[in-house]
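Coordinate analysis (summary)
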Amino acid sequence: PAGAGGLAGSDPAAMTISGTLIGGGFGIWTVIYANWIRKMPMFHRPWEHVLMFGGLAYLGHRMSQATIFLEERVMMEAKRRINANQGKLDAEYRAILGEKYYNKWFPEGTGSSD
């Protein structure tokens, strides 16, 4: 599932919606700021606002999706490496991951030294 094991309290749908809206807001703000710098009316050439909102909203949406995808890939690769070295590097994994995450990856009774 998308976002499984993801950031604490992060909902993938909320991340993509917020990324889209933030990206669109930056698009509109960029055009308004550029017009302000050039001392032109705020909504001079309004199609620029629409294009920038759409373009940066899409970019924000894709960045949210990339975050979810890459997070899942990193978790999958970490789990693969831990399983490949199961029982060999317990002390190092415990030191690297810390107790909280070590116990997440190796719950009681299913540790790598069992």
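Residues numbered from 1 in each chain as written. Predicted model: local features only at pLDDT ≥ 70, side-chain atom pairs only at ≥ 80, totals over all residues. Heavy atoms only, no water.

1. Here's the deal with the confidence of the model for the protein
Mean pLDDT over the protein stands at 80; residues scoring 70 or higher make up 82%. The weakest mean pLDDT in the protein belongs to helix 3 (residues 90–105) at 75; the strongest belongs to helix 2 (residues 47–84) at 89. Under a pLDDT of 50 for its full length, residues 1–8 has, in the predicted model, 13 contacts with residues more than four places off or in other chains. (pLDDT = per-residue confidence, 0-100. Helix = DSSP H or I, 4+ residues; strand = E, 2+ residues; numbered from the N terminus. Contact = heavy atoms within 4.5 Å.)

2. Details of the packing of aromatic side chains
Per the stated rule, a full pass over the model turns up two aromatic pairs. Ring centres 5.1 Å apart and planes at 10° place the aromatic pair W29 and Y33 in the stacked group. Placement of both W29 and Y33 in helix 1 (residues 12–37) is noted, with a separation of four residues, approximately one turn of the helix. Its relative accessible area of 38% is what places Y33 among the partly exposed residues. (Phe/Tyr/Trp six-rings, centres within 6.5 Å; stacked < 30°, edge-to-face > 60°. Buried < 20%, exposed > 50% of the residue type's maximum accessible area, 1.4 Å probe, protein only.)

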